[in-house]
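Residues per chain are reported as follows:
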Amino acid sequence: MSDKKSRGVWPVFNPPERWVAVLGIGVLGVIAVAGFAIAIYAAVLFHDMPDAGDLVDYRPPTATRVYGWDGTLIGEFSKERRIFVPYDQMPPRLVQAFMAAEDRNFFHHSGVDVQGLGRAMLRNVVNVVRGRRLEGGSTITQQVAKNVLLTSDATLGRKLKEAILARRLEQTLTKDHILELYLNEIWLGYRSYGVAAAAYNYFGKSLDNLSLAEMAYLAAVPKGPDNYHPIRQKANAIARRNWILSQMAELGWVSQAEADAAMKEDLVVQSAPSRAKYKDADYFVEEVRRRGLGTMGERLTEGGYYMRTTLDSNLQTAARIALMNGLEQYDRRHGWRGAWGTTNPAAGWEAAALKKTPPAERRNWRAAVVESVEGGVRVRPAKDYGPGPLASEDVAWARGGKGLNVGDLVFVEPDEKTAGAYRLKQVPLVNGALVAIEPNSGRVLAMVGGYSFSLSNFNRATQAMRQPGSAIKPFVYAAALEGDFTPASMVTDAQITLKGAVNGEDWTPENYNKRYYGAMPLRRGLELSRNAMTVRLAQSVGMRKVSDLAVRMGVTDDMAPVLAMALGAGETTPLKITGAYAAFANGGRRIDPHLIEIIEDREGKTLFRADKRDCPRCNSGFNGDESPRIAAGGRQVIDPVTAYQITSMLEGVVQRGTATQARVLGRPVAGKTGTTNEYRSAWFVGYTPQIVVGVFVGFDDNRSLGDGEVGGVASLPIFIDFMGSALKDVPPTEFKPPKQAKFAMVGGIREAFRPSTEPRAAVGIPGAAGRKPAGPIPYEDAFRPPTAAPPPEQKPPPKPRVPDDLTGLY
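Residues numbered from 1 in each chain as written. Predicted model: local features only at pLDDT ≥ 70, side-chain atom pairs only at ≥ 80, totals over all residues. Heavy atoms only, no water.

A few points about the overall build of the protein
Alright, step 1. Along the protein, the regular secondary structure elements total 23 helices and 24 strands.
Alright, step 2. Accessible area of the protein: about 37,600 Å², with a carbon and sulfur share of 52%. (Helix = DSSP H or I, 4+ residues; strand = E, 2+ residues; numbered from the N terminus. Areas by Shrake-Rupley, 256 points an atom, 1.4 Å probe, with all protein chains shown as cover.)

Here you go:
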């Protein structure tokens, strides 16, 4: 046997001993393989385990909230709608409601509730066998680990990771910090992440205004937002809410009487979640979002910033109403286009009527069906209101167009004057924009970019490039006054032909009424918007100077130095040209219109401020010395006297020229109408010392607005409507001349001059003897752009007739 051992031969065992040895070796092998497999599985499972320490400074992505100048919440920007609230600012009962629902032992375990987990794991054995989804049993700490650090995969591996991370979180973070993360991170349905957003979206309240019943409902939602939907699954939602209230009473967190009272409350929520209750600023808010992304990048939608804008909510509402009303009035002038649909009024008509919704901004409009047309027209709205007659004037209007027939589907609105009656409504095809700017700072107080954001989110205030027509003329006259011209200068209003100006062919710009009045002072040319006179003035000044000034004042980024530009052949936006007019109101300084005033992070640190002016002693405290003097904003682009001269002339446009309707405002107002060739665009840009307003009306496809639809007809009434509301509590204020201005009488009007340019005596107007004082004419001169030679004849609208002596009052 010793020889066999020396040759490596195994000793001979008896049969029983042999089987024991084999069995031992097999067990050891299985253990070794299992250990090796477990080691490999653990290495694969935990190689990417997140670090719990990453949550020490973690803040979940939070919505940036956008406020108007007056503190009105006007919007939110976020990928996940969440409002971060520190734990110490959360109502204690809200926290207790969630603990009662999700983890009543939260303050007594170290991350894993062994008993709860054991019960869940026993049930999960059956779930695995039957292929069902695994159950929870997770503590609040485990849910934080899952929501923030892990995926939501329902696997045993993920549950094991969750438990390990929960223990680590408890060692790293305080209990309060874990609750803060949980209550701000959790998905609660209704487009809500976190309890603060849920309180706002479900109930329209802040956390500290929630009732006990509302807190308990929010705590019911994490188990399944769809299963406990407050409208679709209301009974289930109330049952779970009441169970949570009973648990709170059982734990001694509320009294039984309080719980019973809360259980009796109905569950009433908002019909849909909304970002802000203020609904009139959609165009403004979308433009703020675009500019905010340009400033802050993608951080804007997750940084939880505070953003204060320049918007005045009262003026914004007035602007929306004025523009919508003005566009509807234009549309009404051009007739009833007919019903938007037809149906059988006897049966099933309501479903057909509700297929088309009115503009969201017209909250009182309803889809309706025409029930009868004999002896008047009766309509039946699809919901909310009973049947009733159409107003007689609307019946006449409809019959003058496509008419009305039984079964027609239309929009109606309750008649404010006659109970039970309705007004016929039609969505305009025309569109427009209104911009209001504070002239000294450039703050955009109001912006409406179209008839309805719900129908079209294209912002015509900032994105529509259109010819301004005669609204460009003040910049031509400003260039002249910056040079050698004065208010006493005379320019001839007579036909002028420019050789080779249009594709090598001659161009003869025409006045709107095809009449010419000879030599006139600058004021009269601007007041009456004389095309030929303006072209002759631009030719004398030099179009390079005119185009350079227009660019310098912000009308456009580039302007070709050709004479057609003097009559508005270039393109601009309502925001740009309104901002450029601000220089006439503020003493000649170019301001940059802006919508965002300040952006702060969640700690209150300023990240962006629109006002870049220095204030050296603003933070030194008041010690009785003179207060700090802050320089005026903007950059001086024209002489203050020039700015006042143009303002005075534009006041004349309102008093004696093409915008006399605005005299109804009963205060100093300056402004200029504008109309482009074939009535494609209608403008009015006007201002007082407090506010500059630009109004544009036109079709998106640039078709004609129709004969006679000039700036004074289509746009000026919108301006008047808005200014009547905007300035109703503002006392009338005169435009203040600069100190260095000198004054002299020219044609019976007190004119301002730069020092040493004023005449020594009053200046008369040649040819004015024996003539009545010049009066207003209602329409300005429309510009024919030089893209093609003008036709030999163009018949002006038959009304109104412009009298030869300019004394007619229209």
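Details of the nonpolar core
Alright, step 1. Within the largest apolar cluster, 133 residues are counted, with the highest numbers of intra-cluster contacts made by Tyr-581, Phe-719 and Phe-722.
Alright, step 2. Counting residues in hydrophobic clusters, the runner-up holds 54 residues, among them Leu-94, Tyr-182, Tyr-202 and Val-254. (Core = buried A, V, L, I, M, F, W, Y, C linked by side-chain atoms within 4.5 Å. Buried < 20%, exposed > 50% of the residue type's maximum accessible area, 1.4 Å probe, protein only.)

Here's the deal with helix α23 (residues 716-726)
Alright, step 1. Along α23, the residues classified as buried are Leu-716, Ile-718, Phe-719, Ile-720, Phe-722, Met-723 and Ala-726.
Alright, step 2. Lining the buried residues of α23 we find α13 (313-333), β10 (431-437), β21 (681-687), β22 (692-698) and α22 (711-714). (Contact = heavy atoms within 4.5 Å.)

Quick word on the packing of helix α20 (residues 574-585) against helix α21 (residues 640-656)
Alright, step 1. Running from N to C, α20 and α21 cross one another at 105°; their axes reach a closest spacing of 7 Å. By the angle between their axes, α20 is roughly perpendicular relative to α21. Across the interface between the two elements, Tyr-581, Ala-583, Phe-584 and Ala-585 of α20 pack against Ala-643, Ile-646, Thr-647 and Leu-650 of α21.
Alright, step 2. When its residues are assigned to classes, the contact of α20 with α21 shows seven nonpolar, one polar and no charged. (Axes fitted to C-alpha atoms, helices over the stretch in contact; angles between N-to-C directions. Parallel < 35°, antiparallel > 145°, perpendicular 65-115°, else oblique. Nonpolar A, V, L, I, M, F, W, Y, C, P; charged D, E, K, R; others polar.)

Considerations on the pairing of strand β18 (residues 606-609)
Alright, step 1. The sheet contact formed by strand β17 (residues 596-600) and β18 spans three bridges and is antiparallel. Note on β18: the bridge partner recorded for Ile-599 is Phe-608.
Alright, step 2. Where β17 folds back onto β18 in an antiparallel hairpin, the turn is made up of five residues, including Gly-604, whose phi is positive at roughly 90°. (Pairing = 2+ DSSP bridges.)

A short note on the confidence of the model for the protein
Alright, step 1. Of all residues in the protein, 82% attain a pLDDT of 70 or more, and the chain-wide mean is 86.
Alright, step 2. Throughout residues 1-11 the model reports pLDDT below 50, and contacts reaching past four residues in sequence, or to other chains, amount to one contact.
Alright, step 3. Of the regions scoring below 50 in pLDDT, residues 35-47 engages in eight contacts with residues more than four places distant in sequence or in other chains. (pLDDT = per-residue confidence, 0-100.)

Here's the deal with the environment of Lys-279
Alright, step 1. Locating Lys-279 in the fold gives a position in the loop between α11 (256-263) and α12 (282-296).
Alright, step 2. Spatially, the C-alpha atom of Lys-279 lies 9.9 Å from that of Ser-313, the residues being 34 residues apart in sequence.
Alright, step 3. Those residues in contact with Lys-279 that sit more than four places away from it in its chain are Ser-274 and Arg-363.

Digging into the sheet that holds β10
Alright, step 1. If you trace the five strands from one edge of the open sheet to the other, you get β11-β10-β22-β21-β20, paired in antiparallel fashion. The open sheet has two free edges, formed respectively by β11 (444-448) and β20 (670-675), since each of these has just one partner strand. Averaged over all neighbouring strand pairs, the angle between strand axes comes to 5°, with direction disregarded.
Alright, step 2. Pairing of β21 with β22 involves seven bridges; the strand directions are antiparallel. Across the sheet, Ser-681 pairs through a bridge with Gly-698, a residue of β22.
Alright, step 3. On top of the sheet, α21 reaches β20 and β21; it is set at about 65° to β20, its chief contact.

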